[in-house]
Amino acid sequence: MKATRYRKIIFSTYGMVLILLLAQCGGEANPVDTANDSPTSSISTPAPLPTPPALPTPTPPLEPILPQIPTPSPAPTPSQIPTPPPEPPKPPEPPEPPKPPEPPEPPKPPEPPEPPEPPEPPEPPEPPEPPEPPEPPEPPTPTPPSSSPTTSLTPPTPTYRKGVFAPSTDFMHLCQMPRLGTQPWGNNADYPDRQGTVLHEQHYLRSMSHERYLWYREIPDRNPARYRTAISYFRTLKTTATTVSGKARDQFHFYQPTERYFNRAAGVTGGFGMSYTVSENPFSVKVRYVETHSPAKAANIRRGDEIKAVNRINMDTYGDYFYLVYDAPSLSSPQFTILPRGSTMTRTVVMNSTSIQVTPVLVTATITAVADTTVGYLVLNSFGAHETEAQLFSAITQLKDAQIDELVLDLRYNSGGFLYLSNQLAYMIAGDERTKGFVFSRILTNGKFPGRTSSLLNYTLGWSSLSVGLSLPSLNLSRVFVLTTARTCSASETLINGLRGINVEVIQIGGTTCGKPYGFFVKHNCGTSYYTIEFAVANHNHFSNYADGFSPNNTMVDMGVNLPGCTVSGDDVDRSLGDPMERHLATALYYLQHSSCPPTPLAAPLAIGQTELYPDPILSNEPWRSALIVEFE
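Here the residue numbering is sequential within each chain, running from 1 through the sequence in written order. Local features in this predicted model are restricted to residues of pLDDT 70 or higher, and side-chain atom pairs are both shown and tallied only at a pLDDT of 80 or more, whereas totals for entire chains, interfaces and linings draw on every residue. For the side-chain quantities, the full set of heavy atoms in the structure was used; hydrogens and water were omitted.

Thoughts on the sheet that holds strand 16 (residues 439–444)
Strand pairing follows a simple DSSP-based rule, namely that at least 2 bridges must link the two strands. Put simply, DSSP H or I for four residues or longer makes a helix, DSSP E for two residues or longer makes a strand, and each gets a number counted from the N terminus. An order of 17-16-23-20 is seen for the four strands of this open sheet, with the pairing classed as antiparallel. Edge positions in the open sheet fall to strand 17 (452–455) and strand 20 (518–519), since each of these has one partner strand only. The pairing of strand 16 with strand 23 (residues 535–538) spans three bridges and is classified as antiparallel. Paired with leucine 444 across the two strands is alanine 536, which belongs to strand 23. Sheet strands in contact with helix 9 (residues 419–430) are strand 16 and strand 17, and its direction is about 155° off that of strand 16. In what follows, residue pairs with any heavy atoms lying within 4.5 Å of each other are defined as contacts. A fitted line through C-alpha atoms serves as each axis, taken over the contacting stretch for helices, and the angle formed by two N-to-C directions is quoted from 0 to 180°.

This is the structure:
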């Protein structure tokens, strides 16, 4: 009987201790960690009680807990409390001297832990990509908007399967950082962006290129997930083929912020309003031309003025020139040291960079130096602004009223733009009779979407300050003299090729053009505008094979498509545009009179031993350059 009472007291005491410990641990016994503990760490029948140690002060006090011993919450599991279970407590009896307890019952063996699941075998790594040539630095990542759209959840992450392409529309406008609010251009509609990821943007570019790229079969199909940004992936989505001369067939693959695209189309740019030409031996930076509405024009800077220093940094090396091009526009009131053309004394000019409305038609003039012949001269620096339509309308009207007999069209600095503007100018040169029944351009695609042919446009489209449907003026000329350099590109070359297709003779004066019979339908997605070659442009006679450019037929190096005319090297910036003695124009006037090239150079624009780096190695890589754009499909 006494042994039974002692056992009850022992079990009751242990039950109280367990309950107090459970209360200290939040009401639950800790589960057994089968991964780290040995089987002996599980609870077993208690050993004989030594002198009880001092217990921590229980919370809540002992008195409220004792009545709850029969029904603890939560209840201890069988593996935590030895059998038999404790009986309900009875009123305590006077303590008796402790006697040795009976030997403890052997503990129940713990249940064996479940074996851990074997880890999944790692996927075999994909073979590394071959190193790529260095690319220009990416523009800084834009700051994410202060809030993100909450109207839709991020769609599922796209999956890459080699050779399998979902429609590009599945990923269009799914953006890592959607733009909010209203677009500042067009019809002021809301941005089309929705919440997506960088993978959505990359898969859009992958599918779009497979659908639209002219040489889509030559694009290596790489997993977009290997690339950090959409832009770094876009750079790989092009052919690596070369032309007959060895240059890259696609050297026109580029992108730019969409805001900049629309600013350019509106004829807005930034800076001081100067274009530069760079020469070496000795190194020098001179002004090629000045925009009409610009800080440089207001400061009376002219073609041929030399930039000697900016903020006391002398223009002696390319590093100094980079400072002029990239750093100076961001400075407050930078100080320029200018050596005016024809002067030996420098002057100081302070200018601030600003937004500038460009003047595509920079010069319109007539020249009467040739006997019995009135020559029109027109400098057209860009097809890239819609306002070019209105400026060409005005310039051709002025030349028509002057009853010119010949036209010298200066495209030396014109690297392209909109195809429709090139089409309109071809009509204004040739007139009605020479264009009836002819095609200006034939768009040749990859076969996945239809091409088109375009007759010559004899009316305004109304994208400029002119209203739509106005009849264009025309000069009704059977030939035209075109001044060219390596910067003459894209829509300028399309004009040359289109005129040849309608039997207007083109006399080329200058250097080999850039060689771009290709164009784009610009793709706007998530704040970036992508230019990927989608078509080739042929003329009425189906000719489009001028990827190495057009060259005057007396060019020393046999490259490009040969046209009648004369090679002229360098740029005679020491004379104004329109000066009959300026080297390119003087050569054209000589050919006009003699039907041949001058026997010796008519001017020496550079110092002895000096070489002009042409085209400008920086500005020729500007993203807007060399763009032949069709804005509608």
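Focus: the nonpolar core
With 77 residues, the main nonpolar core has Leu378, Leu380, Leu407, Leu409, Leu425, Val480 and Leu499 as its most contacted residues. Ranked by the residues each element gives to this core, the list is headed by helix 9, at nine residues. Beyond its immediate sequence surroundings of up to four residues, leucine 407 is in contact with Gly376, Tyr377, Leu378, Leu399, Ile429, Leu475, Leu477, Val480 and Phe481. Residue types Ala, Val, Leu, Ile, Met, Phe, Trp, Tyr and Cys, when buried and joined through side-chain atoms within 4.5 Å, form a set referred to as a nonpolar core. Under the scheme applied here, a residue whose accessible area is under 20% of the maximum for its type counts as buried, over 50% as exposed, and between as partly exposed, the area being computed with a 1.4 Å probe on protein chains only.

A closer look at helix 11 (residues 491–501)
The buried fraction of helix 11 amounts to ten of the eleven residues, a majority that puts the element mostly inside the structure. Asparagine 503 occupies a position one or two residues after helix 11 and carries a positive phi of about 70°.

Some thoughts on the state of the cysteines
Here, a disulfide means two cysteine sulfur atoms that sit within 2.5 Å of each other. All told, the structure shown has three disulfides when counted by the stated rule. A disulfide bridge connects cysteine 489 with cysteine 514, and the sulfur atoms are separated by 1.8 Å. Taking the sign of the S-S torsion, 65° for the link of cysteine 489 and cysteine 514, the bridge is right-handed. You can see cysteine 489 sitting in the loop between strand 18 (479–484) and helix 11 and its partner cysteine 514 sitting in the loop between strand 19 (505–510) and strand 20, a full 25 residues away along the chain. Comparing cysteine 489 with cysteine 514 shows no difference in burial state: the two are buried. Sequence-ordered numbering of the bonded cysteines in the chain gives a disulfide pattern of 1-4, 2-3, 5-6.

Overview of the environment of valine 278
By the element assignment, valine 278 lies in strand 5 (residues 274–280). A C-alpha to C-alpha distance of 9.2 Å links valine 278 and tyrosine 318, two positions 40 residues apart in sequence.

Focus on the pattern of salt bridges
Salt bridges, as used here, are contacts in which a Lys or Arg side-chain nitrogen is within 4 Å of a carboxyl oxygen on Asp or Glu. Within this structure, the stated rule accounts for 16 salt bridges. Here lysine 523 ties to glutamate 534 by a salt bridge, and the two come within 2.9 Å at their closest N and O atoms. Placement of lysine 523 in strand 21 (residues 523–525) and of glutamate 534 in the loop between strand 22 (528–531) and strand 23 is noted, with a sequence separation of eleven residues between them. Glutamate 534 matches lysine 523 in its accessibility class, with the two residues each being buried.

Some details on the packing of helix 9 against helix 11
With their axes 9 Å apart at the nearest point, helix 9 and helix 11 run at an angle of 40° to one another. With respect to their mutual orientation, helix 9 and helix 11 come out oblique. Handedness of the helix 9/helix 11 crossing: right-handed. Each of Leu419, Ser422, Leu425, Ala426 and Ile429 in helix 9 lies in contact with helix 11, whose residues at this interface are Ala491, Thr494, Leu495 and Leu499. Just so you know how the angles are binned, under 35 degrees is roughly parallel, over 145 roughly antiparallel, 65 to 115 roughly perpendicular, and the rest oblique. For any helix crossing, the convention is left-handed if the near helix is rotated counterclockwise from the far helix by under a right angle, and right-handed if that rotation is clockwise.

Some remarks on the sheet that holds strand 3 (residues 254–257)
Strand pairing in a sheet relies on backbone hydrogen bonds, with the paired strands running either antiparallel or parallel. The antiparallel open sheet is built from three strands, whose spatial order is 3-22-21. At either margin of the open sheet sits one strand with a lone partner, and together these are strand 3 and strand 21. The sheet shows a mean angle of 25° between the axes of neighbouring strands, taken without regard to direction. The pairing of strand 21 with strand 22 spans three bridges and is classified as antiparallel. Bridge pairing in strand 22 links histidine 524 to serine 529. Along the sheet face, helix 5 (residues 258–265) touches strand 3, strand 21 and strand 22 and points at about 85° away from the line of strand 3.

A closer look at the side chain of threonine 388
Topologically, threonine 388 is positioned in helix 8 (residues 388–401). The class of threonine 388 is buried, set by a relative accessible area of 0%. In protein, a polar contact means a hydrogen-donor-capable atom and an acceptor-capable atom, both N or O and within 3.5 Å, with residues adjacent in sequence counting only if both atoms are side-chain atoms; elsewhere, any N or O pair within 3.5 Å suffices. A distance of 2.8 Å separates the side chain of threonine 388 from the backbone oxygen of alanine 385, its partner in a polar contact. When neighbours within four sequence positions are excluded, threonine 388 is seen to be in contact with Pro360, Leu380, Ser382, Phe383 and Leu421.

So, the packing of aromatic side chains
Working definition: rings of Phe, Tyr and Trp (its six-membered ring) pair if their centres are within 6.5 Å, and the pair is stacked with planes under 30 degrees apart, edge-to-face with planes over 60 apart, and tilted otherwise. This model, assessed by the stated rule, comprises 24 aromatic pairs. Between tyrosine 213 and tryptophan 215 the ring centres are 5.6 Å apart and the planes differ by 80°, which places this aromatic pair in the edge-to-face class. Residue class for tyrosine 213 comes out buried when judged on its relative accessible area of 0%. Note on tryptophan 215: relative accessible area 11%, which makes it buried. Lying across the ring of tyrosine 216, lysine 448 places its NZ or CZ 3.8 Å from the centre. The criterion for a charge sitting over a ring is simple: Lys NZ or Arg CZ within 6 Å of the ring centre, and within 35 degrees of the ring normal.

Points about the environment of threonine 277
Relative to the helices and strands, threonine 277 resides in strand 5. Between the C-alpha atoms of threonine 277 and glycine 570, which are 293 residues apart in sequence, the distance is 9.8 Å.

Here we look at helix 7 (residues 318–327)
Within helix 7, burial applies to Asp320, Tyr321, Tyr323, Leu324 and Val325. For helix 7, the secondary structure elements touched by its buried residues are strand 5, strand 6 (284–290), strand 7 (306–310), strand 8 (313–314) and strand 9 (335–339).

Details of unusual backbone geometry
With an omega of 0°, the peptide bond between asparagine 281 and proline 282 qualifies as cis. Among the structural elements, proline 282 can be located in the loop between strand 5 and strand 6. Of note, the phi angle at serine 333 is positive, near 50°, even though the residue is not glycine. Residue position: serine 333 is located in the loop between helix 7 and strand 9. The backbone of serine 490 sits at a positive phi, close to 60°, despite the residue not being glycine. Tracing the chain through its elements places serine 490 in the loop between strand 18 and helix 11.

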